[in-house]
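Chain residues, written in single-letter form:
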Amino acid sequence: MDTKVFDMGDIDIAWCPGCGNFLILETLKQALTELQIEPSNLVVVSGIGQAAKIPHYFRTNVFNGLHGRALPPATAIKAANPALTVIAESGDGDMYGEGGNHFLHTIRRNPNITNIVHNNMVYGLTKGQASPTSQIGFETPVQVNGVFLQPFNPIAVAIALDAGFVARAFAGDNKQTKEILKKALMHNGYALVDVFQPCVTFNKLNTYKWFKEHTSYLEDHDTSDRNEAFKKATETEKLHLGIFYINSKKLSFEENITAFHQNKRPLYERKLDIKQLRILIEQFKNPC
Ligand SMILES: Cc1ncc(C[n+]2csc(CCOP(=O)(O)OP(=O)(O)O)c2C)c(N)n1
Ligand code: SF4
Ligand SMILES: [Mg+2]
């Protein structure tokens, strides 16, 4: 298999030259290729934003939904057909701001999906307002005196909620990002990969250079130690890169729902009872 199986061919990509999104797109294609995941067995789901354009540039099954709403359809797709590899991918605003509620409750549900967040610490698509992960002091046309709110810490929140797989990568490091993505894709249950992604147009603070200077790799770290993982996630002098935490003992959402269902079969394998469906439609037509 070659990464070209995922290429859309000769199309215009509406990202700025030098944008970190190009690196994430290419690295993800490499990870999928190395895992031999075929385009026909993959679904890429997103919300709205620059990062959320990623399904447009992928030759596979895609669903581009509403702002902040990538996780619910991704959860539903996986529940209906657990044989598919499902990726929910969007930006920091989409996943942690507008989609923040879904972020929390998807971790609780634990669907077997990979959640990739392009974290550029800014609202890129809407031209540079502060996002939930913007750093204190970041000046924008709206936050003219600089951001004064504490940045949202997705890694610490995910560990606090006992997410099954929690990692952070940097788009500029192809090798580490690819290895993390491969492990996340192989994990049974919800996997968060927050990827630092420079926005070269609207974030002049968190540049490629800034990320290199302000990050350090997790070393000799026990990924089963939740307390230590939380401690590392809250350290801010250097932002750590790597896999913080893995808990493979939890049942996934799909395993739970098929266990509860009488015939133990996923939705797409069950026969449609057209008579019952008609009754249901009639009920909705005449709710009173
Ligand atoms: C309900 C709703 N609110 C606001 C918007 C405007 N909007 C579109 S994208 C976006 C922010 C995207 O930021 P992020 O998710 O970080 O993605 P990026 O563009 O940085 O990749 C906003 C506020 C919208 N489309 N829908
Ligand atoms: S505005 Fe920023 S995030 Fe959007 S394409 Fe340009 S560099 Fe990338
Ligand atoms: Mg963003």
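Please refer to the structure higher up on the page.
Chemist: Which parts of the structure should I look at to understand unusual backbone geometry?
Modeler: The backbone of Gln36 shows a phi angle near 60°, a positive value even though the residue is not glycine. Here Gln36 shows up in the loop between helix H1 (20-34) and strand E1 (42-46).

Chemist: So what exactly am I meant to see when it comes to the coordination of the magnesium ion (ligand 3) here?
Modeler: Octahedral metal centres with six donors ideally show angles of 90 or 180 degrees, and tetrahedral centres with four donors ideally show 109.5 degrees. Ligation of the magnesium ion (ligand 3) by protein atoms is provided by Asp92 (OD), Asn120 (OD1) and Val122 (O), these donors lying 2.1 to 2.2 Å from the ion. In the primary sequence, the donor residues of the magnesium ion (ligand 3) line up as D-x27-N-x1-V. With a gap of 30 residues between them, Asp92 in helix H3 (residues 92-98) and Val122 in the loop between strand E4 (114-119) and helix H5 (154-160) connect regions that are remote in the sequence. Assigned by exposure class, Asp92 and Val122 land together as buried.

Chemist: How should I be thinking about the pairing of strand E8 (residues 239-246) in this particular structure?
Modeler: Buried residues dominate E8, accounting for seven of its eight residues. One ladder, built from four bridges, connects strand E5 (residues 165-170) with E8; its direction is antiparallel. Within the sheet, the bridge partner assigned to Arg168 lies in E8 and is Gly242. One ladder, built from three bridges, connects strand E7 (residues 215-217) with E8; its direction is parallel.

Chemist: Please explain the site of ligand 1 as it appears in this structure.
Modeler: For ligand 1, the set of nearby residues contains 16 residues, the closest of which are Gln50, Asp92, Asp94, Gly124 and Leu125. Within the side chain of Asp92, one N or O atom sits 2.7 Å away from an oxygen atom of ligand 1. If ligand 1 stood free it would expose 590 Å²; the protein chains cover 72% of that surface. Counting residues per element, the shell around ligand 1 draws most heavily on H3, which supplies four residues.

Chemist: Would you explain the site of ligand 2 in this entry?
Modeler: Surveying the vicinity of ligand 2 reveals the residues Trp15, Cys16, Cys19, Asn21, Gln50, Asn120, Gln197, Cys199, Val200, Thr201 and Phe202. Tallied by class, residues from the shell around ligand 2 come to six nonpolar, five polar and no charged.

Chemist: Help me out: how do you make sense of the packing of aromatic side chains in this one?
Modeler: Each aromatic ring pair is specified by the distance between its two centres and by the angle formed by the two planes. In total, this model carries 10 aromatic pairs according to the counting rule given. Where Trp15 meets Tyr57, the ring centres are 4.9 Å apart and the plane angle is 80°; that geometry is what we call edge-to-face. With Trp15 in the segment before H1 and Tyr57 in the loop between E1 and strand E2 (61-64), the pair connects residues that are 42 residues apart, well separated along the chain. Pairing Phe170 with Phe211 gives two aromatic rings, centres 5.7 Å apart and planes at 35°, and the pair type is tilted. Note that Phe170 is positioned in strand E5 and Phe211 in helix H7 (residues 208-213), a separation of 41 residues in sequence. In textbook terms, an aromatic cluster arises when at least three aromatic residues are bridged by ring pairs, as seen for Phe170, Phe196, Tyr208, Trp210 and Phe211. Taking the ring centre of Phe58 as reference, the NZ or CZ of Lys29 above it sits at 5.8 Å.

Chemist: Hey, could you run me through the pattern of salt bridges in this one?
Modeler: Should the charged atoms of two oppositely charged side chains come close, the side chains can pair. Counting across every chain of the model gives nine salt bridges. With a shortest N-O distance of 3.9 Å, Asp162 and Arg226 are connected by a salt bridge. Here the residue Asp162 occupies a position in the loop between H5 and E5, and Arg226 occupies one in helix H8 (residues 226-234), the gap between them amounting to 64 residues. On the accessibility criterion, Asp162 (18% relative accessible area) is buried. Taking the relative accessible area as the measure of exposure, Arg226 reaches 33% and is therefore partly exposed. In this structure, Glu282 and Lys285 form a salt bridge, with 3.2 Å as the shortest nitrogen-oxygen distance. Of the two residues, Glu282 and Lys285 both sit in helix H10 (residues 274-285), three residues apart, roughly one turn of that helix.

Cut-off values and rules
Residues numbered from 1 in each chain as written. Chains lettered and ligands numbered in written order. Predicted model: local features only at pLDDT ≥ 70, side-chain atom pairs only at ≥ 80, totals over all residues. Heavy atoms only, no water. Helix = DSSP H or I, 4+ residues; strand = E, 2+ residues; numbered from the N terminus. Donors = N, O, S within 2.8 Å, 3.2 Å for Na, K, Ca; no water. Buried < 20%, exposed > 50% of the residue type's maximum accessible area, 1.4 Å probe, protein only. Pairing = 2+ DSSP bridges. Near = heavy atom within 4 Å. Polar contact = N/O pair within 3.5 Å; in protein donor to acceptor, adjacent residues only side chain to side chain. Areas by Shrake-Rupley, 256 points an atom, 1.4 Å probe, with all protein chains shown as cover. Nonpolar A, V, L, I, M, F, W, Y, C, P; charged D, E, K, R; others polar. Phe/Tyr/Trp six-rings, centres within 6.5 Å; stacked < 30°, edge-to-face > 60°. Lys NZ or Arg CZ within 6 Å of the ring centre and 35° of its normal. Salt bridge = Lys/Arg side-chain N within 4 Å of Asp/Glu carboxyl O.

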